[in-house]
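What follows is each chain in one-letter form.
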Amino acid sequence: MVSKHRPAALATVLLLVGLGACRGLAPLPARDDVARLVDSLRPAVEKAVGLKFKTPPHAAVRSREQVRAYLLQKLDQELPAEKARGLQATYRLLGLLPDTLDLRTLLLDLFTEQIVGYYEPDSTTLFVVANTDPQLLRLTVSHELVHALQHQYLPLDSILRQQGDNDRLTAAQSILEGQATLAGLQVMVPDQNLFAMPDLWESTRERIRAQQVEMPVFRKTPRVLREGLIFPYLAGADFLRWWAGSEHRDSLPYGPRMPVSTEQILHPYRYGRGDQPITLRFTAKEPRVLYEDVMGELDLRILAADLASEAPNAEIQSPVALGWGGDRYRVYETPAGPAMVWYIVWDDAISRTRFLGTTGQRLELRRRLGYRMELTNPTIAGHPATRIVLAPPEWLGWKQIAGVEILP
């Protein structure tokens, strides 16, 4: 399925990646064979999701060369050079990407390695890649059939192309991918109830992570991109498992019920009690703004894990919420290098203090050579907040740093 970026702006293409992705091993059957497989799996997918196809899904086969050309086209559309520069600058300022890494080149290699099948909303077609391991074919088709079914009930195009709030987008992606992950697996084990077998799901989670690490490009990919790749599948499935045992279990988390933050995905009890994120907006339009977006709790957790030098494949999920209330940041172009202004609003002063004593201190220790960092603790509309500024000392913006306000 095609979407936006994750994290911060990469989910556009990351959702192209199939859950069971692996390198191709054997020729794929002919197109008619794939069409028959799609038809044979359709009833099981409908049963697993609880919805019926309104129209039969379409399927096609693509060579790996065609897929790479398609991925490059999608990168050009969804992550053009200027946006890529903004993301790259953001991650480099925070120490999440090395200066020598080219973001677009790595992403193209990563997607090419990973992809086995994908659903494209524009053409409403499910594509499978030639020379794919036949053992993965049924799982891949089942997973992507769920996306085809979702598209008949949800405006996937508008959901996946929303701009300006990556955290909200990632939450929506987590529902789409989490549902496809669980339903696709359920099709593979029709006689077992995945929702009633927590041990089976936990072992599956571990196996998915272990399989990803075995892949050469994925293994050398920085944590911020690795976690962004796998989060919608695993955390989204965890949320859907919670949903199945909640008071909402007779419905689907679609439309107005769709979660709007990664905090809600990571901590479903917060969703259950109606905890909504605080939306911030910069109060002034400024020149030379390269990029602007929302980090959210997921990216805060990734940053904290990276700064704490945790094991590369350590689980970033935790039952304890960070106390994130909302955030927004801007990255500017300057002659001496990029500058960043980042505001975070907290649920309470304790959450802010905990952040300052851990991630805040470590971020200062990692500060880029030749850069100045300023960390202050304003109050915004009665909410405890943190403002982080990372910029060259000669940046003119130091004289008047942009402020933010809370939208109603």
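**Remarks on the nonpolar core**
Inside soluble globular proteins, nonpolar side chains tend to come together where they are buried. Judged by nonpolar contacts, the single largest core of 103 residues is most densely connected at Leu 94, Val 141, Met 340 and Trp 342. Here the element with the most residues in this core is helix α11 (residues 223-244); it accounts for 11 residues. Not counting chain neighbours up to four residues away, the residues in contact with Val 141 comprise Leu 37, Val 38, Leu 41, Leu 126 and Val 128. Core analysis: the second largest hydrophobic core is formed by 17 residues, Tyr 332, Trp 395, Trp 398 and Ile 401 among them.

**With respect to the confidence of the model for the chain**
In this model, the chain carries a mean pLDDT of 88, and residues with pLDDT of at least 70 account for 92%. Per-residue pLDDT stays below 50 along residues 2-26; that stretch engages in 130 contacts with residues further than four places along the chain or on separate chains.

**Observations regarding helix α9 (residues 198-213)**
The end-to-end C-alpha distance of α9, which contains 16 residues, comes to 23 Å, matching closely the 22 Å that a straight helix rising 1.5 Å per residue would cover. Along α9, the positions that sit buried rather than exposed are Trp 201, Thr 204, Arg 205, Ile 208, Arg 209 and Gln 212. The buried residues of α9 occupy an angular sector of 130 degrees when projected down its axis, which confines them to one face. Seen from the buried face of α9, the exposed residues on the opposite side, beyond 90 degrees, are Asp 199 and Glu 206. Close packing links the buried residues of α9 with α5 (103-114), α8 (166-188), α10 (216-220) and α11.

**Thoughts on the packing of α11 against helix α14 (residues 296-307)**
The geometry of α11 relative to α14 is characterised by a closest axis approach of 10 Å and an angle of 140 degrees between their N-to-C directions. The orientation of α11 relative to α14 falls into the category oblique. Remark: the crossing between α11 and α14 carries right-handed chirality. Between α11 and α14, the contacting residues are Arg 223, Val 224, Glu 227 and Phe 231 on the first element and Leu 298, Ile 302, Ala 305 and Asp 306 on the second. Partitioned by chemical class, the residues of the contact of α11 with α14 number 5 nonpolar, no polar and 3 charged.

**So, the packing of aromatic side chains**
All chains considered together, the criterion is met by 13 aromatic pairs. With a centroid separation of 5.4 Å and 45 degrees between ring planes, the pair formed by Phe 239 and Trp 242 is classed as tilted. Residue Phe 239 and its partner Trp 242 are both found in helix α11; the two are separated by 3 residues, about one turn of the helix. Measuring from centroid to centroid gives 5.0 Å for Trp 346 and Phe 355, while their planes differ by 40 degrees, and the two rings are tilted. You can call Phe 355 buried: its relative accessible area is 6%. Put simply, the rings of Phe 239, Trp 242, Trp 243 and Tyr 271 touch in pairs and so form one group of aromatic residues. The ring of Tyr 153 is capped by Lys 54, whose NZ or CZ atom sits 4.5 Å from the centre of that ring. Looking at Arg 372, its charged tip hangs above the ring of Trp 398, at a distance of 3.8 Å from the centre.

**Examining unusual backbone geometry**
Positioned with a positive phi, Arg 288 is a non-glycine residue whose angle comes to about 65 degrees. Relative to the elements of secondary structure, Arg 288 occurs in the loop between β4 (280-282) and β5 (289-293). One non-glycine residue with positive phi stands out, namely Ser 309, at about 55 degrees.

**Observations regarding the pattern of salt bridges**
This model, assessed by the stated rule, comprises 25 salt bridges. Here Arg 281 and Glu 405 are joined by a salt bridge, their closest N and O atoms 2.5 Å apart. On the criterion of sequence distance, the pair formed by Arg 281 in strand β4 and Glu 405 in strand β11 (residues 404-406) is long-range, its members being 124 residues apart. A relative accessible area of 41% places Arg 281 in the partly exposed class. Note on Glu 405: relative accessible area 31%, which makes it partly exposed. Among the ionic pairs, Arg 367 bridges to Glu 364, the shortest N-O distance being 3.1 Å. Residue classification places Glu 364 among the partly exposed residues on the basis of a relative accessible area of 31%. Within the structure, one salt-bridge network assembled from shared partners comprises Lys 74, Glu 78, Asp 122, Asp 157 and Arg 161.

**Let's talk about the sheet that holds strand β1 (residues 58-62)**
Taken together, 3 strands build an open sheet; the order of strands is β1-β3-β2 and the sheet is mixed. Looking at the sheet topology across the chains shown, the edges are occupied by β1 and β2 (117-120). In this sheet, neighbouring strand axes are inclined to one another by 25 degrees on average, regardless of whether the strands run parallel or antiparallel. Against the sheet, helix α6 (residues 134-151) engages β2 and β3 (125-129), with an angle of about 15 degrees to β2.

The rules behind the values
- In every chain, residue numbers begin from 1 and rise along the written sequence.
- In view of the model being predicted, local features appear only for residues whose pLDDT reaches at least 70, and side-chain atom pairs are presented and counted only at 80 or more, with totals across whole chains, interfaces and linings using the full set of residues.
- Side-chain measures were taken over the full set of non-hydrogen atoms in the model, leaving aside hydrogen atoms and water.
- Side-chain atoms within 4.5 Å are what join buried Ala, Val, Leu, Ile, Met, Phe, Trp, Tyr and Cys residues into a set we call a nonpolar core.
- The classification of residues rests on relative accessible area computed with a 1.4 Å probe and restricted to protein chains. Under 20% of the type maximum is buried, over 50% is exposed, and intermediate values are partly exposed.
- Think of it this way: any DSSP run of H or I at least four residues long counts as a helix, any run of E at least two long counts as a strand, and we number them from the N terminus.
- By the convention used here, residues are in contact when the closest approach between their heavy atoms is within 4.5 Å.
- Confidence scores labelled pLDDT are given residue by residue by the predictor and lie between 0 and 100.
- Each residue after the first adds 1.5 Å to the expected span of a helix.
- In this description, one arc is meant: the one made by directions from the helix axis to the C-beta atoms.
- Helix axes are fitted only over the stretch in contact, all axes being lines through C-alpha atoms; the angle between N-to-C directions runs from 0 to 180 degrees.
- Every angle not falling under 35 degrees, over 145, or within 65 to 115 is termed oblique; those three ranges are roughly parallel, roughly antiparallel and roughly perpendicular.
- Left-handed describes a crossing in which the near helix is turned anticlockwise from the far one by less than a right angle; the clockwise case is right-handed.
- Only Asp, Glu, Lys and Arg are considered charged, only Ala, Val, Leu, Ile, Met, Phe, Trp, Tyr, Cys and Pro nonpolar, and every remaining residue, Gly among them, polar.
- Between 30 and 60 degrees the pair is tilted, below 30 it is stacked and above 60 it is edge-to-face, where a pair is any two Phe, Tyr or Trp rings, Trp via its six-membered ring, whose centres lie within 6.5 Å.
- Whether a charge sits over a ring depends on NZ of Lys or CZ of Arg being within 6 Å of the ring centre and within 35 degrees of the ring normal.
- Definition used for salt bridges: Asp or Glu carboxyl oxygen within 4 Å of a side-chain nitrogen of Lys or Arg.
- When DSSP finds two or more bridges between two strands, those strands count as paired.

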